[in-house]
Amino acid sequence: MKKVLIVAGARPNFMKIAPLCREFQKHRGKFRALLIHTGQHYDFEMSETFFKDLKIPKPYIHLNVGSGTHTVQTANVMTAFEKVLLKEKPDLIIVVGDVNSTLACSLVATKMNIKVAHVEAGLRSFDRSMPEEVNRIVTDSLSDYLFASEESGCQNLKKEGVHRKKIHFVGNTMIDTLLFNMPKINKSKILKTLNLKPKTYAVMSLHRPGNVDLKESFLEIFDVLKSCTKKIAFVYPVHPRAKKMMLAHGIKKEFDSLNNLLMIDPLGYIDFMQLIKNTRFALTDSGGIQEETTVLRIPCLTMRENTERPVTIDKGTNVLVGRNKAKILKNINRILKNEDYGSRKAPRLWDGKTAQRIVKILSQ
Ligand code: UD1
């Protein structure tokens, strides 16, 4: 029996590990898979609610590291995770995505000669000012199994000289979660709760340091939103990082003053996906929303200058708009005129069976 530790720490990780936990459970004669929560995200709406919504088993060990600078957070995860590895001696660890916990745990395991599998390998924005890009590059360079979600990931890894035997194109576990939970998503009552009608509103989500940490950039977004809310109502579930920066910059009252903007606390997975499914479009800087909207064929305006998920652009649903007001308004006009944003086909292997493929490869 092989012992596997699955690592998760921050909000987008939970959607990516849920199908893996389920799949390993089906193969429990062969694997003993245990979940380690680093505690990078700790607010109820950023963590526990996803365990409930997605029926993820209670973590075997919780490291409770919490927030800090990148160095402090990464170092705290490393110190705590080393103790876990010394005690548990797993055969393999699985890390997902690109958050600080992903980097920290892959580094500790590699130094202890424990094999590392990286789910969502090979994605590159080619922008090292993004903390996630550094996390991706380092994690991939250390990993033994590189599970790519889209073909660009495989190409990037090959270009970086990774041996082709280590690279596996398996699809997207986040989309496994979306498809698996669709019946529950369809039953969510969140539109009623928020008094919204399908396709009459837009959703904004925002948290990247590049957009919210500097007052100037955050104010640029406010200016964009001021114009956009004249065209359509916006719902904005506010990420704790954005909330913290809004208060620190002293600009919350500006946002509060917009009539057509509904600011709410972060939502759980099921309610948020119902909100996304029925939105006219998303205005976002998130990675996951770019992917989810592609499968749902919802227009997505990404407030970044680049994306590590180019398949979402190729499929036509996603457009990079940065904080460029003219570009954003032009796209909103197109969307409101019902112009088509997206192909009928989901990206290859985004079919709900990615976790199955991963566990099959690991079994062999
Ligand atoms: C992290 C990930 C990012 C991911 C995002 C999704 C890194 C480098 N970044 O960004 O890739 O897209 O999660 O949410 O790993 N905070 C709370 N409660 C929480 C968590 C955070 O209040 O439960 C606040 C704290 O003030 C904290 C700040 O948010 O300092 C930032 O949290 P952190 O985990 O450092 O990064 P995120 O911006 O959440």
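It should be noted that the structure appears before, not after, this text.
Caption draft 1: Inspection of the site of the ligand at higher detail. Around the ligand there are 21 residues in total, and Gln-40, His-41, Tyr-42, Asn-100 and Glu-132 lie nearest to it. A distance of 2.8 Å separates an oxygen atom of the ligand from a polar backbone atom of Asn-100. With respect to the ligand, the side chain of Lys-244 contributes an N or O atom lying 3.1 Å from an oxygen atom. Taking 740 Å² as the accessible area of the ligand by itself, protein coverage stands at 90%.

Caption draft 2: View of the packing of helix α11 (residues 215-228) against helix α17 (residues 325-336). As a packed pair, α11 and α17 sit with axes 10 Å apart at the nearest point and diverge in direction by 30 degrees. Considering the angle they form, α11 stands roughly parallel to α17. With respect to the hand of their crossing, α11 and α17 are arranged in right-handed fashion. For the pair formed by α11 and α17, the contact residues are Asp-223, Val-224, Ser-227 and Cys-228 on the first element and Lys-325, Ile-328, Leu-329 and Ile-332 on the second.

Caption draft 3: Region of interest: the nonpolar core. Residues Phe-24, Ile-56, Ile-94, Tyr-269 and Leu-275 are the most contacted members of the largest nonpolar core, which totals 53 residues. When residues in this core are grouped by element, the largest group, seven residues, is from helix α1 (residues 11-26). Residues in contact with Ile-94, not counting those within four places in the same chain, are Val-4, Leu-5, Ile-6, Val-7, Leu-20, Phe-24, Ala-117, Val-119 and Leu-362. Residues Leu-206, Val-224, Ile-335 and Tyr-341 belong to the second largest nonpolar core, which totals 32 residues.

Caption draft 4: The arrangement of the pattern of salt bridges in detail. Applying the stated criterion across every chain yields a total of 22 salt bridges. When the shortest N-O distance is used, the salt bridge between Lys-87 and Glu-88 registers 3.4 Å. Using a relative accessible area of 64% as the deciding quantity, one classes Lys-87 as exposed. A network of salt bridges, in which partner residues are shared, links Lys-16, Asp-98, Glu-120, Glu-133, Arg-136, Glu-291, Arg-304, Glu-308 and Arg-309.

Caption draft 5: Inspection of the pairing of strand β5 (residues 115-121) at higher detail. Counting buried residues in β5 gives six out of seven residues, a clear majority hidden from the surface. The sheet contact formed by strand β4 (residues 92-96) and β5 spans five bridges and is parallel. The residue of β5 that forms the bridge with Leu-92 is Lys-115. Of the crossover connections in this fold, the one passing from β4 over helix α4 (residues 100-111) to the parallel β5 is right-handed. The sheet contact formed by β5 and strand β6 (residues 145-148) spans four bridges and is parallel. Bridge pairing in β6 links His-118 to Leu-146. At this point the chain moves from β5, through helix α5 (residues 131-142), to the parallel β6, and the crossover so formed is right-handed.

Conventions used here
- Residues numbered from 1 in each chain as written.
- Predicted model: local features only at pLDDT ≥ 70, side-chain atom pairs only at ≥ 80, totals over all residues.
- Heavy atoms only, no water.
- Near = heavy atom within 4 Å.
- Polar contact = N/O pair within 3.5 Å; in protein donor to acceptor, adjacent residues only side chain to side chain.
- Areas by Shrake-Rupley, 256 points an atom, 1.4 Å probe, with all protein chains shown as cover.
- Axes fitted to C-alpha atoms, helices over the stretch in contact; angles between N-to-C directions.
- Helix = DSSP H or I, 4+ residues; strand = E, 2+ residues; numbered from the N terminus.
- Parallel < 35°, antiparallel > 145°, perpendicular 65-115°, else oblique.
- Left-handed = near helix turned anticlockwise from the far one by under 90°.
- Contact = heavy atoms within 4.5 Å.
- Core = buried A, V, L, I, M, F, W, Y, C linked by side-chain atoms within 4.5 Å.
- Buried < 20%, exposed > 50% of the residue type's maximum accessible area, 1.4 Å probe, protein only.
- Salt bridge = Lys/Arg side-chain N within 4 Å of Asp/Glu carboxyl O.
- Pairing = 2+ DSSP bridges.
- Right-handed = clockwise from strand over helix to strand, strands pointing away.

Limitation: the analysis is restricted to geometry and does not speak to function.
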